Structure formats: C-alpha cells, structure tokens
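# Close look at the chain arrangement
Spelled out from the first residue to the last, the chains are:
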Amino acid sequence: MIDSARPSAPVLFRTPTPCVATLLSTVLFAVTLLWTIPLAAHQQKEAITRVLFNTRSGNIEVMHRFLLHDAEHATRKIFGGDVDLLASAAARDQFERYVHERFALAGENGAAIDLVPIGNEIDGRFLWVYAEAPIPEGLTGLTLSHDALRDVWPEQVNLVNVERDKTVRSATFDQGRREATIRF
Amino acid sequence: LDIPAEIWRRNARGVKKLLVTDRELTEVVIDPNWETADTDVENNHYPRRIIPSRIEVFKDPDRDGMDRRDIMQDIKTELEPEGKE
C-alpha cells in the first residue's frame, strides 16, 4: 500500500539496504586486494651502481647492485631456461658477463677505460657485480653508459653514483638516455 | 653510550659531548652498528680506522666467518642419517 503523504524517492537515489551495502563494500575490498597482489610480485626495475675512485688501491672500483629478483627474471628472459641465480654460480657469472658488456667508462677525451671483471656475490636480496680499472692519469671527467636490463625492460632505471674525493656526482639512465658525462 | 638525537637540536653541523672519567681514553667509535644514515663512515673511529670498500672486502683472501654464510642455501643441506658416525 502506497502512503501518498510520504513522497517516494526514485529508485536511482534510494540508499542501499544495510545487507546490500555490506555486500558491495566486501566486493569492493576484494577487488582492491586482487588489484594490489600482482604488484607485489613485479620487478622493481631499478639498479644502483657505485663508481668509487679508491686512492688506497689506485683503482676505479665499479660496484653494481641489482635486485636478485630482477636479475633472475632478466636472466630467464635473455638466456631462457629455468635460471636459479641463488643456486647456480655459472648463471651468476653469465649475468656478470651480460652486465660487463653493457656498462662502459671513458675519459672525457673519449679514451675507453678497460674495466676488469672481479666477480659477483649475493648479499641478502641483492646481486652485486664488481669490476675495476686503474685510475688514468690526469682524469678530469668521465663518460658513462649503463644499458644493463634496459634491453629487457625499457622502463629500467639505472642510477650511477660517482664518488671521488668525498664528492658524489650522479647520473640516471632511463628512457632514451644513452650516455652521461661527469666532470670533476 | 647512547646519546639522544636531540643533541642535534641546536646545531645541525657539529655537536660536542663532555665525558668526565679518570680512565684513559683509548678508542672512540661513533655509530658502531651503522644505525644512522651516515654518508661517510670513514670518520667514525678514533684512532682512524680504514673502512674497506666492497671490492676490497670481496678480494680479501682472509674473508670468512658467519658474514658469508648463506642461510637460504643452508636449508638445502642434506642431513646425515641418524646413527651414522
């Protein structure tokens, strides 16, 4: 029976009943949860490299730090197979060679600085790759390029921090950036 | 000796702490467990201590001990059967 003294609102603007509201909020929460779960398993696509002018050893020391999760995914994509970087030293060496081929240093005059691979190790959730070269005489600047993992993921960001005489200068390789020059 | 962070309240560049003791001071270490966001740890020791770089540590032939233990690999260790000596 319709109560004519009480205006009836259109169906569109009626507030949902409590049980419907509870159901809607539960569904919305579940959808939000499902939306965020895949993000936790994604690669971070970030790497940090420290280029240190070590006056004690007389060497330029290059220390690349990759997330082990990223490195493993990339190695599987590049070389195929079911790669386990944690268990396989050969796989880590393969990744080290890959990184070595995609990182380059040169003097400001363009003279290449030949880096010698030192090795690699896993430290917690990171994979470190090491290389070094003697510090050239009269070096006034560095030209760097860092393309590791950028051929796997275009959105990979590689940050390089160059430390010399307690001063840090940084270069970020992302998007289409191929080279950076740092002057001392 | 734990010093509260408030010591930096009046001067963010440098602070002083007076220690009164009748014993000879032989060594001072600031932040021994690297708990602060210190960008230069080479000036945290008196007398001065050389802090090796990661590559220097990696190349050190005497490097050993629990620091190199990989507990994630330890779970794959095959246990010897009971009773085997």
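Let me sum up the structure you'll find in this document. (Residues numbered from 1 in each chain as written. Chains lettered and ligands numbered in written order. Predicted model: local features only at pLDDT ≥ 70, side-chain atom pairs only at ≥ 80, totals over all residues. Heavy atoms only, no water.)

Tallying the contact residues gives 16 residues for chain B and 20 residues for chain A. A combined buried area of about 1400 Å² lies between chain B and chain A, and 49% of that area is made up of carbon and sulfur atoms. If you look at where chain B meets chain A, you find seven salt bridges. Of the charged contacts in the structure, one is a salt bridge between Lys166(A) and Asp40(B), with a shortest N-O distance of 3.3 Å. Counting across the chain B and chain A interface gives 10 residue pairs in polar contact (both at pLDDT 80 or more). Elements represented by at least two residues in the side of chain B that touches chain A include exactly α1 (54-59) and α2 (71-74) of chain B. It is α1(B) that provides the largest number of residues to the side of chain B that touches chain A, a total of five residues. Looking at side-chain class alone, the side of chain B that touches chain A contains six nonpolar, two polar and eight charged residues. (Contact = heavy atoms within 4.5 Å. Buried area = accessible area lost by both parts, 1.4 Å probe. Salt bridge = Lys/Arg side-chain N within 4 Å of Asp/Glu carboxyl O. Polar contact = N/O pair within 3.5 Å; in protein donor to acceptor, adjacent residues only side chain to side chain. Helix = DSSP H or I, 4+ residues; strand = E, 2+ residues; numbered from the N terminus. Nonpolar A, V, L, I, M, F, W, Y, C, P; charged D, E, K, R; others polar.)

Residues and elements named next belong to chain A. Counted according to the given criterion, the structure contains five aromatic pairs over all chains. Arranged with centres 5.2 Å apart and planes meeting at 80°, the rings of phenylalanine 53 and phenylalanine 184 form a pair that is edge-to-face. In this pair, phenylalanine 53 is assigned in strand β1 (residues 46-54) and phenylalanine 184 in the segment after β10 (180-183), connecting sequence segments 131 residues apart. Residue classification places phenylalanine 53 among the buried residues on the basis of a relative accessible area of 6%. For phenylalanine 184, a relative accessible area of 33% puts it in the partly exposed group. (Phe/Tyr/Trp six-rings, centres within 6.5 Å; stacked < 30°, edge-to-face > 60°. Buried < 20%, exposed > 50% of the residue type's maximum accessible area, 1.4 Å probe, protein only.)

Taken as a whole, the second largest pocket encloses approximately 1000 Å³ of empty space. In terms of lining, the second largest pocket is formed by 23 residues, of which the most central are Leu1(B), Ile3(B), Val29(B), Ile30(B) and Asp31(B). (1 Å grid on protein atoms, 1.4 Å probe; cavity = no way out; pocket = protein on both sides within 12 Å on 5 of 7 lines; lining within 4 Å. Points joined across faces, edges and corners; volume = space filled by probe spheres on them.)

We now examine empty space enclosed by the protein. Residues and elements named next belong to chain A. The full count for this structure, using the stated rule, is one cavity of 30 Å³ or more. As a volume, the largest cavity reaches approximately 60 Å³. Going through the elements one at a time, α3 (89-101) and β6 (126-134) are the ones with two or more residues in the lining of the largest cavity.

This part takes up the pairing of strand β8 (residues 157-164) of chain A. One face of the sheet, then the other: side chains in a regular strand alternate in exactly this way. Residues and elements named next belong to chain A. Of the pairings in the sheet, the one linking β1 to β8 comprises seven bridges and is parallel in character. Its bridge partner being in β8, leucine 52 is matched across the sheet by glutamate 163. Pairing of β8 with strand β9 (residues 167-173) involves seven bridges; the strand directions are antiparallel. Counted as the bridge partner of leucine 159 is threonine 172 from β9. Counting the residues between successive antiparallel strands, the hairpin from β8 to β9 contains two residues, one of them, aspartate 165, with a positive phi of roughly 55°. (Pairing = 2+ DSSP bridges.)

Residue and element names in this part refer to chain A. Assignment of secondary structure puts asparagine 158 in strand β8. Here the side chain of asparagine 158 touches alanine 148 through a polar contact of 3.0 Å, landing on its backbone oxygen. Setting aside residues up to four positions removed in sequence, asparagine 158 forms contacts with Ala47, His146, Asp147, Ala148, Arg150, Ala171, Thr172 and Phe173.

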